[in-house]
Amino acid sequence: MEKEDSILLLLVLLLGGFGLAVLYSASSYNGQVRFGDSAWYLKKQLFAMTLGLAVMVGVSHVDYHALKRISGPVYLLSIALSGAVLLFGDAYNGSRRWLSIGPLSFQPAEFAKPAVILLLAGLVDSMHHKHQGAMIAAVFGMVLPIVALVGTNNLSTAVIILGIAVIMIFISNPRYLPFLWMIFAGAIFLGLFLSLESYRLERLAIWRNPQLYVIDSQ
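Residues numbered from 1 in each chain as written. Predicted model: local features only at pLDDT ≥ 70, side-chain atom pairs only at ≥ 80, totals over all residues. Heavy atoms only, no water.

1. Let's talk about the packing of aromatic side chains
Here's step 1: In this structure the tally under the stated criterion is three aromatic pairs.
Here's step 2: Arranged with centres 5.8 Å apart and planes meeting at 75°, the rings of Phe35 and Tyr41 form a pair that is edge-to-face.
Here's step 3: Between the aromatic rings of Trp40 and Tyr41, the centroid separation amounts to 5.0 Å while the plane-to-plane angle is 85°, which identifies the pairing as edge-to-face.
Here's step 4: Chaining the aromatic ring pairs together yields one cluster made of Phe35, Trp40 and Tyr41. (Phe/Tyr/Trp six-rings, centres within 6.5 Å; stacked < 30°, edge-to-face > 60°.)

2. A closer look at the side chain of Ser82
Here's step 1: Relative to the assigned elements, Ser82 resides in helix H3 (residues 64–88).
Here's step 2: A distance of 2.8 Å separates a polar side-chain atom of Ser82 from the backbone oxygen of Ser78.
Here's step 3: Not counting residues within four places of it along the chain, the set of residues in contact with Ser82 comprises Pro108, Ile146, Leu149 and Val150. (Helix = DSSP H or I, 4+ residues; strand = E, 2+ residues; numbered from the N terminus. Polar contact = N/O pair within 3.5 Å; in protein donor to acceptor, adjacent residues only side chain to side chain. Contact = heavy atoms within 4.5 Å.)

3. Observations regarding the side chain of Ser78
Here's step 1: Looking at the element boundaries, Ser78 is found in helix H3.
Here's step 2: Taking relative accessible area as the criterion, Ser78 reaches 0% and is therefore assigned buried.
Here's step 3: Setting aside residues no more than four positions away along its own chain, Ser78 makes contact with Phe111, Ala112, Ala115 and Ile146. (Buried < 20%, exposed > 50% of the residue type's maximum accessible area, 1.4 Å probe, protein only.)

4. Things to note about H3
Here's step 1: The largest bend along H3 measures about 50° and falls at Ile70, with the proline Pro73 one to four residues further on.
Here's step 2: All of the buried residues in H3 are Leu67, Ser71, Val74, Tyr75, Ser78, Leu81, Ser82, Ala84 and Val85. (Bend = angle between axes of the 7 residues up to and from the residue.)

Here it is in structure tokens:
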């Protein structure tokens, strides 16, 4: 393993360990009350983290050229899963974001992130000799369907996916002028999605003035 890879792995493990400690601190009481096990949430997250690390190690041994060849089917699968969650997903707190397969559950929106990265990496690589305007149009034409599906119930992840697309375009050809209209279009897109559901605007209001929304437990 290269030195840079070892450092990256160490940072991932440190962040994961810190996250587990914070999760246990925040959820131990709720886990004890609801499930009779103060470490219930910790165990669930530890299992997911272990599974993710195993996938990470496996992918690190795969030639990235092979990943480029499967980027299209993986992206189509992410669209199918994002559509399925709207029809068959599990709803929590009014949002339908999870799919359950037996004892396992996952968010298709999280699967969409690496799918978009794989697709756009291949697309940008194949179009690097094209005019930047054509490349930008192709990138957004490919990414907007998954952004629209994910954004229906998970606005924050949709914004992240859109941000990934913008950053990858910028890295491939760092010219500033085309990004002005991207920022303008992104602001319009964000405004539309915020206005479609009242709870999204309410989240912003709570973030700005949390003291006005404190629940009196007395």
